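Letter by letter, the chains look like this.
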Amino acid sequence: MANSSFSGVRIGGVVTCVPTLEKCIDDEVDLFGGNEKQIARLKKTIGLNRRRVVEAGTTAVDLCHRAATRLLAASGVELGQVSAMIFVTQTPDYLQPCNAAVLHGRLKLPTSCAALDVNLGCSGYVYGLWLAHMMVQAGGCDRVLLLAGDTMSRLVHPKDRSVAPVFGDGGSATLIERSDGGQQAWFSLGTDGSGYDKLIVPAGGQRSPKTESTCLDVEDEDGNVRSSEHLFMDGAEVFNFSITVEPKAVRELLAYADLSLDSVDHFVFHQANRYILTNIAKRLKIDLTKVPMQTVERYGNQSSASIPSAMCGELQAVLCGAEAQRVLLSGFGVGLSWASAIVSLSDLSVCEVIEADSAQ
């Protein structure tokens with residue numbers, strides 16, 4: 001595992017932006033062959049209920065732009081004080097240039113501000129925090145703006161029942177800054193690239209460019225319809241990976257930090273679905289009240305934006321309070337990859353969910 005620790009770096013604020021368009025699984029009976037009992041089971045067991053998806057023409061840059069604007073205003077940070085920007089996404093506006101450059105121009109950040117993209121999904125937010133902490137502790141950056149957002153609804157086929165009801169969209173902005181408060185953070189990251197094809201969009205890149213045949217819809221033996229240009233998920237393999245790797249990774253990080261499970265106030269996992277989250281918590285013997293899991297039921301699986309969305313939507317009051325909260329953040333999924341962090345959070349200048357058409 002790639003383990004590292006940092007001191008003198010803090011998270012100053014977090015904002016998540018979600019689209020206003022909501023889709024409900026109750027309205028998708030036809031997708032499941034009119035089987036209302038199956039839908040009821042998915043709602044109760046898996047936690048699939050509602051999700052927020054973007055309208056045509058809205059991208060992750062748009063969502064993160066709104067989040068960043070709100071974050072900078074609430075934090076009182078001037079544009080010239082931002083040293084670097086990291087944009088984590090798997091749904092960029094363009095193949096070239098990177099999303100970070102596009103948003104850099106929109107925000108009118110100074111030319112002295114470095115900007116780069118990170119192509120990661122479910123684990124990407126924690127990977128981004130890790131990079132930002134390194135940038136600040138290395139001494140070259142006082143403040144790093146981390147954007148994490150995806151519009152996964154654009155990648156799923158509407159008739160693919162294995163993924164269509166699962167994925168929602170969201171964008172987030174997080175401020176990481178130098179601090180004299182003595183905060184300490186611990187990170188642990190891992191990858192198993194042998195499972196790269198368990199969550200994949202097969203066609204559209206340089207390995208398999210789009211052709212007339214890659215856009216053709218095919219129905220599999222389970223009745224799911226998709227083309228090679230849509231997201232494919234091997235649900236069983238991803239589930240087994242999640243409940244096997246995550247508990248082990250969390251225990252290893254706690255051991256590295258010399259901390260106990262009981263010393264952690266909140267465990268914010270990637271909001272894959274309630275069934276996976278519950279299984280991970282049970283294997284770790286964590287009190288379920290410490291594990292936010294309503295976010296996925298409200299907004300769907302938001303990929304890289306799911307962890308900050310859970311922080312803003314379910315922990316806002318305590319993270320903006322004066323009493324320090326020890327929070328374990330952990331993402332897992334596409335790659336296959338995983339990343340966990342233990343951070344101390346308090347007095348955040350802002351920690352909230354806003355909507356894409358909000359005036360804020």
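In this text the structure is predicted, and so the values were computed from the model without any measurement. (Residues numbered from 1 in each chain as written. Predicted model: local features only at pLDDT ≥ 70, side-chain atom pairs only at ≥ 80, totals over all residues. Heavy atoms only, no water.)

**Quick notes on the nonpolar core**
Step number 1: Grouped together as the largest cluster of nonpolar side chains are 39 residues, with contacts concentrated most on Tyr 125, Phe 187, Met 311 and Leu 329.
Step number 2: Listing elements by their share of this core, those giving two or more residues are β2 (9–18), β5 (84–88), α4 (124–137), β7 (143–151), β9 (184–191), α8 (306–314), β15 (325–333) and β16 (337–345).
Step number 3: Apart from the residues within four sequence positions on either side, Phe 187 is in contact with Ala 2, Asn 3, Ser 4, Phe 6, Val 126, Leu 129, Trp 130, His 133, Leu 253, Tyr 256, Ser 340 and Ala 341.
Step number 4: In this structure, Trp 186, Phe 239, Ala 249 and Phe 269 belong to the second largest nonpolar core, which totals 28 residues. (Core = buried A, V, L, I, M, F, W, Y, C linked by side-chain atoms within 4.5 Å. Buried < 20%, exposed > 50% of the residue type's maximum accessible area, 1.4 Å probe, protein only. Helix = DSSP H or I, 4+ residues; strand = E, 2+ residues; numbered from the N terminus. Contact = heavy atoms within 4.5 Å.)

**Observations regarding the sheet that holds strand β8 (residues 169–178)**
Step number 1: Taken in spatial order, the six strands line up as β6-β5-β7-β8-β2-β17 in an open sheet, and their pairing is mixed. One side of each edge strand has no neighbouring strand; the edge strands of this open sheet are β6 (114–118) and β17 (351–355). Sheet twist, expressed as the average angle between the axes of neighbouring strands with direction ignored, equals 15 degrees.
Step number 2: Bridge count between β5 and β6: five bridges; the pairing is parallel. Residue Phe 87 lies in a different strand from β6, and its bridge partner there is Asp 117.
Step number 3: Across the face of the sheet, helix α3 (residues 99–107) comes into contact with β5, β6 and β7 while running at roughly 130 degrees to β5. (Pairing = 2+ DSSP bridges. Axes fitted to C-alpha atoms, helices over the stretch in contact; angles between N-to-C directions.)

**Some remarks on the sheet that holds β9**
Step number 1: Taken together, the five strands give an open sheet; going across it, the order is β1-β9-β16-β15-β14, and neighbouring strands pair in mixed fashion. Each edge of the open sheet carries a strand with a single partner, namely β1 (2–7) and β14 (266–269). For this sheet, the mean angle separating the axes of adjacent strands, direction not counted, is 15 degrees.
Step number 2: Pairing of β15 with β16 involves nine bridges; the strand directions are antiparallel. Counterpart to Ser 330 in the pairing with β16 is Ser 340.
Step number 3: Here helix α5 (residues 235–257) sits on the sheet and contacts β1, β9, β14, β15 and β16; the angle it forms with β16, its principal contact strand, is near 40 degrees.

**Quick notes on the environment of Val 144**
Step number 1: Mapping Val 144 onto the fold places it in strand β7.
Step number 2: Not counting residues within four places of it along the chain, the set of residues in contact with Val 144 comprises Ala 84, Ile 86, Ala 132, Met 135, Val 136, Thr 174, Leu 175 and Ile 176.

**So, unusual backbone geometry**
Step number 1: A cis geometry characterises the amide bond from Gln 96 onward to Pro 97, with omega recorded as 0 degrees.
Step number 2: Relative to the helices and strands, Pro 97 resides in the loop between β5 and α3.
Step number 3: That bond from Gly 335 to Leu 336 is cis: its omega, -10 degrees, falls within 30 degrees of zero.
Step number 4: Along the chain, Leu 336 falls in the loop between β15 and β16.
Step number 5: Residues other than glycine seldom take positive phi values, yet Asp 258 does so here, at roughly 60 degrees.
Step number 6: You can see Asp 258 is positioned in the loop between α5 and β14.

**What to know about the pairing of β7**
Step number 1: β7 sits mainly inside the fold: eight of its nine residues count as buried.
Step number 2: One ladder, built from five bridges, connects β5 with β7; its direction is parallel. Bridging from a neighbouring strand, Met 85 pairs with Leu 145 of β7.
Step number 3: Alignment of β7 against β8, held across nine bridges, turns out to be antiparallel.

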